[in-house]
Amino acid sequence: TGVTEIDFTSILGTAFANYDIILSNLKINTGTGILPVLQFSTDNGSTYDTGSNYSQGRSYTKSGSSTAGGSGATGTGFSLTGDPSVTDSGGSYVSGKIHIFSPDSAATTKQITFELQFYSAANSAQFAWSGGGFWNNSAAVTALRLIMDGTATFTGQVTLQPLPQ
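As a starting point, this report considers the structure included with it. (Residues numbered from 1 in each chain as written. Predicted model: local features only at pLDDT ≥ 70, side-chain atom pairs only at ≥ 80, totals over all residues. Heavy atoms only, no water.)

### Describing unusual backbone geometry
Phi at Asn 44 is positive, roughly 60°, even though this residue is not glycine. Structurally, Asn 44 is set in the loop between β3 (35-41) and β4 (54-62). Accessibility expressed as a relative area gives 33% for Asn 44, which makes it partly exposed. Look at Ser 102: it is not a glycine, yet its phi comes out positive at around 45°. One can find Ser 102 in the loop between β7 (92-101) and β8 (110-120). (Helix = DSSP H or I, 4+ residues; strand = E, 2+ residues; numbered from the N terminus. Buried < 20%, exposed > 50% of the residue type's maximum accessible area, 1.4 Å probe, protein only.)

### Concerning the packing of aromatic side chains
Within the structure shown, the criterion is met by 10 aromatic pairs. Considering the side-chain rings of Phe 40 and Phe 78, the 5.9 Å spacing of their centres and the 65° angle between planes classify their relative orientation as edge-to-face. Of this pair, Phe 40 sits in strand β3 while Phe 78 is found in strand β6 (residues 78-79), placing the two residues 38 residues apart along the sequence. Taking relative accessible area as the criterion, Phe 40 reaches 1% and is therefore assigned buried. (Phe/Tyr/Trp six-rings, centres within 6.5 Å; stacked < 30°, edge-to-face > 60°.)

### Digging into the environment of Leu 38
Locating Leu 38 in the fold gives a position in strand β3. On the basis of relative accessible area, Leu 38 is assigned to the buried category, the value being 0%. In sequence terms Leu 38 and Leu 146 are 108 residues apart; their C-alpha atoms lie 4.7 Å from each other.

### Regarding the pattern of salt bridges
Throughout the structure, instances matching the rule amount to 1 salt bridge. With a shortest N-O distance of 3.4 Å, Arg 145 and Glu 5 are connected by a salt bridge. Of the two residues, Arg 145 sits in strand β10 (residues 143-149) while Glu 5 sits in strand β1 (residues 5-9), which places them 140 residues apart along the sequence. For Arg 145, a relative accessible area of 12% puts it in the buried group. (Salt bridge = Lys/Arg side-chain N within 4 Å of Asp/Glu carboxyl O.)

### Side note on the sheet that holds β7
Read from one edge of the open sheet, 7 strands run β5-β4-β9-β8-β7-β2-β11, paired in antiparallel fashion. The open sheet is flanked by β5 (68-75) and β11 (154-164), the only strands paired with a single partner. For this sheet, the mean inter-axis angle between neighbouring strands, taken without regard to orientation, is 15°. Pairing of β4 with β5, which is carried by 8 bridges, proceeds in the antiparallel orientation. Counted as the bridge partner of Arg 58 is Ser 71 from β5. (Pairing = 2+ DSSP bridges. Axes fitted to C-alpha atoms, helices over the stretch in contact; angles between N-to-C directions.)

### A closer look at the nonpolar core
Counting residues in hydrophobic clusters, the biggest one holds 33 residues, and the most contacted among them are Ile 21, Leu 23, Leu 38, Phe 40, Ile 98, Leu 144 and Val 158. With 5 residues, the single largest contributor to this core is strand β2 (residues 16-28). Discounting chain neighbours no more than four positions away, the residues touching Ile 98 are Tyr 19, Asp 20, Ile 21, Leu 23, Leu 38, Leu 80, Ile 112, Thr 113, Phe 114 and Leu 116. (Core = buried A, V, L, I, M, F, W, Y, C linked by side-chain atoms within 4.5 Å. Contact = heavy atoms within 4.5 Å.)

Written out as structure tokens, the structure is:
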């Protein structure tokens, strides 16, 4: 059974400097106009920032094609498909890694980098995304979530890996 949201609460802290999120065949199930996004919380998951405070830049290539591009965007979360213009009607997969730098710091904006593979069933193509971004808030992140933007659900493996200081 798919879920619309995965929350990581009560696990971020000062014992670790950085975190990786590993996505293994995160399958996007049926839905339209769907985008899985990553959002941050400063109150251990009671609320999440859903404002336009997430900014990212990325580049991509499309398998079997000379199609490539890059763009930047500000949104209500970091897009896990790399670009809000790439949506799918379901049956797509996302795999890869998102690195979060110093989420517990209260002195700076939170930066991320990502390398993701996105298989689009609607386009019968693989997209390779890479880039980075920042969350325009200097408060310490105490929780994070992956959530579907729309009515879709997802299944698969998501691992939050703390990295020692």
